[in-house]
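# Structural features, examined
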Amino acid sequence: MRADVTEHWLAPEVYLEAIARETARLRECLEVADPGARVPTCPQWSGDDLLWHLGGDVQHFWAWVIAHRPEAPEAYVEPTRPHSRDELLAVLDQAHEDLLLRLRNADPAEAAWSWASDPRLHTVGFTLRRQAHEALIHRVDAELTVGAPTPLDPQLAADGVAECLEVMYGGVPSWGHFADDGTRVLVHATDVGRRVLVAMGRFTGHDPGKQVDVDEDDVHVLDVAAHGHVGADASVRASAQDLDLWLWHRGPAHLVETDGDEQVLDRLAAVLRQSID
């Protein structure tokens, strides 16, 4: 990741608009969802579980993080989950209002706690970007729950492809090390012309939380705006929407075209099978 990690990010107001728009659409879907409906992309959840996740687990928490920046969330108190749909909607509404209020009144460059391994991502801007994509992906979950999918914004989806590969898959915790083995994969969002160059290699280290040694294939983003001939061993191509949904396990693989070394593609597929919900 480059020294200026925000260079390729979308404007803060784009993320703010996305958080508001995608949350509103999720709410619209789940407000009318059948109480027994399961979320097909998260089958362990009901529609109400998804509603609570975004409101009570996610937006409530990150509103606190931004309000108390740069304090770590040791003092954060989780809310108690209510029982009725109306109460769940009220929790989401309040958490959403608080989150947007905090983010609108903060400088994206200000320090703020985050779980990201890269200390350069401990900023309000990281939260802005992450929460836009969190709301986007869970909007997709809500739409699939009620059978009413709508398109993703192509530019936001292309940014989501880069963010997913950089942060959700490609982050390196302080206890581990990524060794680039020279293998390259080009991920191309064909409708917006965005090309992300990804390195493959081995991630090794001792996980202090799980108390296990780790030695596995992993990925690391080399360039989020690759141009010209990059000499990749394999390529992955689709629209920004189809790539973003595929990376997040929300879309079918058959919409994504692959080319190149089959062993490299198999290694990449194994890495991307990891859960990042």
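To keep things clear, this report deals only with the structure shown in the data block.

Conventions and cut-offs
- Residues numbered from 1 in each chain as written.
- Predicted model: local features only at pLDDT ≥ 70, side-chain atom pairs only at ≥ 80, totals over all residues.
- Heavy atoms only, no water.
- Helix = DSSP H or I, 4+ residues; strand = E, 2+ residues; numbered from the N terminus.
- Contact = heavy atoms within 4.5 Å.
- Patch = residues over 30% accessible without salt bridge, like charges linked within 9 Å, V, L, I, M, F, W, Y side chains within 5 Å.
- Areas by Shrake-Rupley, 256 points an atom, 1.4 Å probe, with all protein chains shown as cover.
- Salt bridge = Lys/Arg side-chain N within 4 Å of Asp/Glu carboxyl O.
- Lys, Arg positive; Asp, Glu negative; His and termini not counted.
- Charge placed at Lys NZ, Arg CZ, Asp CG, Glu CD.
- Buried < 20%, exposed > 50% of the residue type's maximum accessible area, 1.4 Å probe, protein only.
- Axes fitted to C-alpha atoms, helices over the stretch in contact; angles between N-to-C directions.
- Parallel < 35°, antiparallel > 145°, perpendicular 65-115°, else oblique.

With that out of the way, let us pick up the environment of alanine 106. Structurally, alanine 106 can be placed in the loop between helix H3 (85-104) and helix H4 (124-146). Residues alanine 106 and aspartate 191, 85 residues apart in the sequence, show an inter-C-alpha distance of 33 Å. In this view, alanine 106 contacts Ile66, Arg69 and Val124; residues no more than four positions away in its chain are not counted.

A contiguous patch of negative charge, built from Asp233, Asp259, Asp261, Glu262 and Asp266, is present on the exposed surface. In this fold, aspartate 259 is placed in strand E7 (residues 257-260).

What follows deals with the pattern of salt bridges. Counted according to the given criterion, the structure contains 22 salt bridges. For arginine 81, the salt bridge is made with aspartate 49, and the minimal N-O distance between the two is 2.9 Å. Within this pair, whereas arginine 81 is found in the loop between helix H2 (47-67) and H3, its partner aspartate 49 is found in helix H2, the two being separated by 32 residues in sequence. Relative accessible area serves as the criterion here: at 34%, arginine 81 is assigned to the partly exposed category. A single network of salt bridges, built from pairs that share partners, joins Arg21, Glu22, Arg25, Glu28, Arg139 and Glu143.

For the rest of this paragraph, the subject is the packing of helix H1 (residues 12-31) against H3. Between H1 and H3, whose axes approach to 11 Å, the crossing angle comes to 175°. Classified by the angle their axes make, H1 and H3 are roughly antiparallel. Across from Leu16, Ile19, Ala20, Thr23, Leu26, Arg27, Leu30 and Glu31 in H1, the residues of H3 making contact are Arg85, Leu89, Leu92, Asp93, His96, Leu99, Leu100, Leu103 and Arg104.

Let us now look at unusual backbone geometry. A cis amide bond, omega -5°, links arginine 69 with the succeeding residue proline 70. Relative to the helices and strands, proline 70 is located in the loop between H2 and H3. At glutamine 211, a position not held by glycine, the phi torsion is positive, near 55°. One can find glutamine 211 in the loop between strand E4 (194-207) and strand E5 (212-223). Since its relative accessible area comes to 54%, glutamine 211 is described here as exposed. Even without being a glycine, histidine 249 presents a positive backbone phi close to 60°. On the secondary structure map, histidine 249 appears in the loop between helix H6 (240-247) and E7.

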